[in-house]
Amino acid sequence: MPLPPLKNPTDLKERLGGLAKAVGVTSVLYPSLLWANGYQMATLALIPFSPKTFRAANRLGADVWWGWCVKTAQYVHGVEIEVTGDVVPMRENAIVILN
């Protein structure tokens, strides 16, 4: 059963609190995304020597950045992640996530 739409905050204090959260999260995640992009570009130098190491380094960078996003959503916004469904087969290249 779908949840009802969120209501817009009418209180100025509540609006400013939401803005403060948004600015705080953006000021942390955006620079880290730029760093992650630079890291990923730097790992391109690994391709001629070891494509396996290149992929592993990129997976590590993506895992760290998306992990920060998840922790931020849980800590700042109180998001609870519930994983349900079939077990994902080993060495699966794609996972479909629905909201």
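Residues numbered from 1 in each chain as written. Predicted model: local features only at pLDDT ≥ 70, side-chain atom pairs only at ≥ 80, totals over all residues. Heavy atoms only, no water.

Draft legend 1. Inspection of the overall build of the protein chain at higher detail. Along the protein chain, the regular secondary structure elements total 2 helices and 0 strands. Here the protein chain has a C-alpha radius of gyration of 19 Å; the compact-globule value for 99 residues is 13 Å, and the former is much larger. With respect to the principal axes defined by its C-alpha atoms, the protein chain has extents near 60 × 35 × 15 Å. Buried positions account for 12% of the 99 residues belonging to the protein chain. Restricting to contacts in the protein chain with at least 6 residues of sequence separation, those with at least 24 account for 43%. Where the 9 positive side-chain charges of the protein chain centre and where its 7 negative ones centre are 9 Å apart. (Helix = DSSP H or I, 4+ residues; strand = E, 2+ residues; numbered from the N terminus. Rg over C-alpha atoms; globule rule 2.2 N^0.38 Å. Buried < 20%, exposed > 50% of the residue type's maximum accessible area, 1.4 Å probe, protein only. Contact = heavy atoms within 4.5 Å. Lys, Arg positive; Asp, Glu negative; His and termini not counted. Charge placed at Lys NZ, Arg CZ, Asp CG, Glu CD.)

Draft legend 2. The arrangement of a nonpolar patch on the surface in detail. Taken together, the side chains of Leu12, Leu16, Leu19 and Val23 make up a nonpolar region of the molecular surface, amounting to roughly 400 Å² of accessible area. Looking at the secondary structure, you find Val23 in helix H1 (residues 12–42). (Patch = residues over 30% accessible without salt bridge, like charges linked within 9 Å, V, L, I, M, F, W, Y side chains within 5 Å. Areas by Shrake-Rupley, 256 points an atom, 1.4 Å probe, with all protein chains shown as cover. Salt bridge = Lys/Arg side-chain N within 4 Å of Asp/Glu carboxyl O.)

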